[in-house]
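Here is what each chain is made of, one letter per residue.
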Amino acid sequence: MEWIFALLILLFLYRRTTRAGDRLAELKPTGMLRSPLFYAQTALLCALLMLMFAPAYLPHEQSAVVVYLVALITVITALLFVRRALKWRYPI
């Protein structure tokens, strides 16, 4: 039974990688991959990923949790604005 799940996961990952190559081929002529907005979005996604792993290391103090939540909301809001700006600048 496990091999069926492993096969499905491998097929899913293969499909994602082939589609990602097609998406990059679409974006390259537009110049979006060299855009400062694209770099900002990539940096914000990395920050969001770091914040997703951070709760395991937070101390159980109210101030630390509040700072964490404010940082999380700020990054998510910035990501939404950058995503909207990218869609407005590069309507693909």
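Residues numbered from 1 in each chain as written. Predicted model: local features only at pLDDT ≥ 70, side-chain atom pairs only at ≥ 80, totals over all residues. Heavy atoms only, no water.

### Structural notes on the overall build of the protein
For step 1, the next point in the chain: Scanning the protein from N- to C-terminus turns up three helices and zero strands.
For step 2, the next point in the chain: The order of helices and strands in the protein, counted from the N terminus, is α-α-α.
For step 3, the next point in the chain: Here the protein has a C-alpha radius of gyration of 18 Å; the compact-globule value for 92 residues is 12 Å, and the former is much larger.
For step 4, the next point in the chain: Viewed in the frame of its principal axes, the protein has a C-alpha envelope of about 45 × 45 × 15 Å.
For step 5, the next point in the chain: Nonlocal contacts in the protein, meaning residues at least 24 apart in sequence, comprise 68% of its contacts between residues at least 6 apart.
For step 6, the next point in the chain: For the protein, the exposed area adds up to about 7800 Å²; of that, 72% sits on carbon and sulfur atoms.
For step 7, the next point in the chain: Averaging the locations of the 10 positively and 4 negatively charged side chains of the protein gives two centres separated by 15 Å. (Helix = DSSP H or I, 4+ residues; strand = E, 2+ residues; numbered from the N terminus. Rg over C-alpha atoms; globule rule 2.2 N^0.38 Å. Contact = heavy atoms within 4.5 Å. Areas by Shrake-Rupley, 256 points an atom, 1.4 Å probe, with all protein chains shown as cover. Lys, Arg positive; Asp, Glu negative; His and termini not counted. Charge placed at Lys NZ, Arg CZ, Asp CG, Glu CD.)

### Re the nonpolar core
Soluble, globular proteins show a tendency: their nonpolar side chains are buried together.
For step 1, the next point in the chain: Leu27, Met32, Leu44, Leu48, Leu51, Tyr68, Leu72, Val75, Leu79, Val82, Leu86 and Tyr90 form the largest nonpolar core, which has 12 residues in total.
For step 2, the next point in the chain: Among the secondary structure elements, those contributing two or more residues to this core are helix H2 (36-53) and helix H3 (62-89).
For step 3, the next point in the chain: Of the residues forming this core, the biggest block, six residues, is contributed by H3.
For step 4, the next point in the chain: Residue contacts for Leu51: discarding those within four places in its chain leaves Tyr68, Ala71, Leu72 and Val75. (Core = buried A, V, L, I, M, F, W, Y, C linked by side-chain atoms within 4.5 Å. Buried < 20%, exposed > 50% of the residue type's maximum accessible area, 1.4 Å probe, protein only.)

### A few points about the side chain of Ser35
For step 1, the next point in the chain: Mapped onto the fold, Ser35 is located in the loop between helix H1 (2-27) and H2.
For step 2, the next point in the chain: A polar side-chain atom of Ser35 sits 3.2 Å from the main-chain amide nitrogen of Leu37. (Polar contact = N/O pair within 3.5 Å; in protein donor to acceptor, adjacent residues only side chain to side chain.)

### Remarks on a nonpolar patch on the surface
For step 1, the next point in the chain: Side chains of Met1, Trp3, Ile4, Phe5, Leu7, Leu8 and Leu11 sit close together on the surface and give an oily, nonpolar patch of about 780 Å² of accessible area.
For step 2, the next point in the chain: Within the secondary structure, Leu7 sits in helix H1.
For step 3, the next point in the chain: Judged by its relative accessible area of 44%, Leu7 falls in the partly exposed class. (Patch = residues over 30% accessible without salt bridge, like charges linked within 9 Å, V, L, I, M, F, W, Y side chains within 5 Å. Salt bridge = Lys/Arg side-chain N within 4 Å of Asp/Glu carboxyl O.)

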